[in-house]
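An overview of the molecular structure
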Amino acid sequence: TEAEVQEMIQERRLKIQEIRESVKISRDAADREKAEGVQVFTALMESAERGLKELLKEIQDKQETTEKQAEDFIRDLEQEISELKKRSSEVKQLSQDEDPLHLLQSCSSLKAAPPTKTWTEVRVHPLSSEETMAKAMALFEQNKKKILEMKRVQQFAVDVTLDPDTAYPWLILSDDGKQVKHGDVRKKLPDNPERFSKCVNVLGRQSFSSGRFYFEVQVKGKTKWDLGVARESIKRKEFKPLSPKKGYWIVILRNGNEYLALAGPPVRLHLHPGPQKVGVFVDYDQGLVSFYDVDAAALIYSFTGCCFKEKLYPFFSPGLSDGGKNSAPLIICPVEVND
């Protein structure tokens, strides 16, 4: 009996420990959810503030346009009034002429009435508060969706570093493997099979053959770059146009403001202003590669319906230095959720 009682006591002590551990796990999860909630709502408030500034500017611009239109109307009306007053003065002067023959002669030489507008239908329309509010709410909803989508993909952030064994010999990589730029001197490096020998490219060390992953790259100050992912079997010793058929899913910048998605026939992307930081998200199993403007929380382009059968590697090309115009490095950044 004593043994059974002790066993029952031990069981209950273990249950107490289990409950306490569950409470601790729940508390940790609650803290994470609080932090995530703060991040989301902070981003939403910042987005709302930006949206408010844009909305106020738009309202002010519309009001200035309305006032300009009204000023133009008033100027035209005053001009017509001036012309009509002249006409009235001439007619009045003729009406006082007591010589009938002179009056008739003067009437025949009197100028025709000055041309005037029909002002009956002309209106200066005030701004509609309902339209303004509807637009504000639509803008907020749009920004909210973008922020939540950005947060969703950022959950799959991975630590990416550059693989020096794949780097084109003219490239300079930072010691931590997070930055790459084109240099002025060709390095004496072994021409191993993994190395790019014709193109200014480098791959990430990490490979992915399932699931989802995400990384961010700073492109600030550059006039040319290529970013995305590439399959393991790409040709590294020759120069050929890049496309999904060749094993590349990338977005590129040329000439400082020309953005293209190399999707077979290239797709021109209208990005004004261009991104300062680009996020790359891959869902291997769903065959999806998406690019984001991180600061604007905006989707740039998505490759969909991709069929991945090999390992995928992060792909980077900082482009040629171009006499210093494109000397800024590509920088792999730590992912700061909704910063």
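Residues numbered from 1 in each chain as written. Predicted model: local features only at pLDDT ≥ 70, side-chain atom pairs only at ≥ 80, totals over all residues. Heavy atoms only, no water.

For the protein, an unreviewed UniProt entry supplies the name B30.2/SPRY domain-containing protein and the organism Poecilia formosa.

Taken in spatial order, the seven strands make up an open sheet running β1-β2-β13-β4-β9-β10-β11, and their pairing is antiparallel. Two strands bound the open sheet, and with one partner strand each, they are β1 (171-173) and β11 (298-303). Here the strands of the sheet are splayed against their neighbours by 20° on average, with no regard to which way each runs. Inspection of the sheet shows strand β4 (residues 212-218) paired to strand β9 (residues 277-283) by seven bridges, in the antiparallel sense. Paired with Q218 across the strands is K277, a residue of β9. (Pairing = 2+ DSSP bridges. Helix = DSSP H or I, 4+ residues; strand = E, 2+ residues; numbered from the N terminus. Axes fitted to C-alpha atoms, helices over the stretch in contact; angles between N-to-C directions.)

The six strands lie next to each other as β3-β12-β5-β6-β7-β8, forming an open sheet whose pairing is antiparallel. Each of the sheet's edge strands pairs with one partner strand only, and the pair in question is β3 (202-203) and β8 (267-269). The pairing of strand β5 (residues 225-231) with strand β6 (residues 248-254) spans six bridges and is antiparallel. The partner of G228 across the bridge, within β6, is I250.

This part is about unusual backbone geometry. The amide bond that connects H272 to the next residue, P273, takes the cis arrangement and shows omega of -5°. One can find P273 in the loop between β8 and β9. With a phi angle near 55°, N255 is a residue other than glycine that sits in the positive phi range. For N255, the location among the structural elements is in the loop between β6 and β7 (258-261). Although it is not a glycine, A297 sits at a positive phi angle of roughly 50°. With respect to the helices, strands and loops of the structure, A297 is situated in the loop between β10 (288-293) and β11.

Once that is clear, we can look at the nonpolar core. Core analysis: the biggest nonpolar cluster contains 39 residues, and W225 and F316 have the highest contact counts within it. In terms of nonpolar packing, the next biggest core, distinct from the first, is built from 12 residues, L203, A230, L242 and I252 among them. (Core = buried A, V, L, I, M, F, W, Y, C linked by side-chain atoms within 4.5 Å. Buried < 20%, exposed > 50% of the residue type's maximum accessible area, 1.4 Å probe, protein only.)

Below, the discussion takes up the pairing of β7. For β6 and β7, the ladder comprises four bridges, and the chain directions are antiparallel. Within the sheet, the bridge partner assigned to L253 lies in β7 and is Y259. Sheet analysis places β7 next to β8, joined by three bridges and oriented antiparallel. For A261, the partnering residue across the bridge sits in β8 and is V267. Taken together, β7 and the strand that follows it, β8, pair antiparallel across an intervening segment of five residues, in which G264 is found at a positive phi of about 85°.

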